[in-house]
Amino acid sequence: MRCLLGKAGRSRTLLAVLVVAMMAFFGCTSKGRSVAGDGQGLLDILQKPAWEVRPARMRIYPSTRIIREAGQGILEARVEFRDENGDPVKAVGDLRFELLSSGRAGEVGQRLFSWSVPMLSREQNATFYDPVTQAYLFRLKLESVTILQDEVVLRVTLLPAEGKRLEAEALISPSEGLIEGRSLPTR
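What this report covers is the structure whose coordinates are included nearby. (Residues numbered from 1 in each chain as written. Predicted model: local features only at pLDDT ≥ 70, side-chain atom pairs only at ≥ 80, totals over all residues. Heavy atoms only, no water.)

Here we look at unusual backbone geometry
Alright, step 1. Despite not being glycine, alanine 70 shows a phi value in the positive range, around 55 degrees.
Alright, step 2. Along the chain, alanine 70 falls in the loop between strand S2 (65-69) and strand S3 (72-82). (Helix = DSSP H or I, 4+ residues; strand = E, 2+ residues; numbered from the N terminus.)

A short note on the environment of phenylalanine 138
Alright, step 1. Along the polypeptide, phenylalanine 138 turns up in strand S7 (residues 135-142).
Alright, step 2. Counting along the chain gives 60 residues from phenylalanine 138 to arginine 78, while the straight-line C-alpha distance between them is 6.2 Å.
Alright, step 3. Those residues in contact with phenylalanine 138 that lie beyond four places of it in its chain are Leu75, Glu76, Ala77, Val79, Leu95, Phe97, Val117, Met119 and Phe128. (Contact = heavy atoms within 4.5 Å.)

Looking at the pattern of salt bridges
Alright, step 1. For the coordinates displayed, the defined rule picks out 13 salt bridges.
Alright, step 2. We note a salt bridge from arginine 139 to glutamate 76, for which the minimum N-O separation is 2.5 Å. Of this pair, arginine 139 sits in strand S7 while glutamate 76 sits in strand S3; the two residues are 63 residues apart in sequence, bridging distant segments of the chain.
Alright, step 3. Here arginine 78 makes a salt bridge to aspartate 130, at a shortest N to O gap of 3.4 Å. (Salt bridge = Lys/Arg side-chain N within 4 Å of Asp/Glu carboxyl O.)

Regarding the pairing of strand S1 (residues 57-60)
Alright, step 1. Covered by surrounding structure in S1 are Met58 and Ile60 only, the residues Arg57 and Arg59 on the alternate face being uncovered.
Alright, step 2. Sheet analysis places S1 next to S3, joined by 4 bridges and oriented antiparallel. When the bridges of S3 are listed, isoleucine 60 appears paired with valine 79. (Buried < 20%, exposed > 50% of the residue type's maximum accessible area, 1.4 Å probe, protein only. Pairing = 2+ DSSP bridges.)

What about the pairing of S3?
Alright, step 1. The buried count for S3 comes to 9 of 11 residues, which makes it a mostly enclosed element.
Alright, step 2. The pairing of S2 with S3 spans 5 bridges and is classified as antiparallel. Bridge pairing in S3 links arginine 68 to glycine 73.
Alright, step 3. With antiparallel pairing between neighbouring strands as the criterion, S2 and S3 make up a hairpin whose turn holds 2 residues, including alanine 70 at a positive phi of roughly 55 degrees.
Alright, step 4. Sheet analysis places S3 next to S7, joined by 7 bridges and oriented antiparallel. Along S7, the bridge assignment pairs leucine 75 with leucine 140.

Printed below as a string of structure tokens:
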């Protein structure tokens, strides 16, 4: 008998603790009062748009370079995306790559090569994302490396599924790799 009363007593105590915890968590408020106690009702909070994590900046990674592999020219382009807090983030959209001739003082000349890489599905995204560098690696075949002069400009454009278009450019030497990279203003 004592064992049964002990279990019932513990059950009531546990129930009382749970009720007090729920009251503390949810608060005891009357209709129309704030749950958080800061003057904002739950309805007000739910009506504000939630912050969405998406790329705000893009840069061409320093290890971007042109290599030759089995007689084939390949542009190894690494692209990194960061959110508005500066943290690494993945991107969803269409990535456009252009390799342009470089004129005097780094001016952009004619387009030599271009590629379009869709990254709309989870599988497409996972194909290119490297979790170690927290950047994407694209290996883009060059039809010919003989038309590349001393330096070329790589321009990368993200056409996102939602949000602002992002662009970045980098000056690349076919023999030395990335010389200088910069993000361009968003549109």
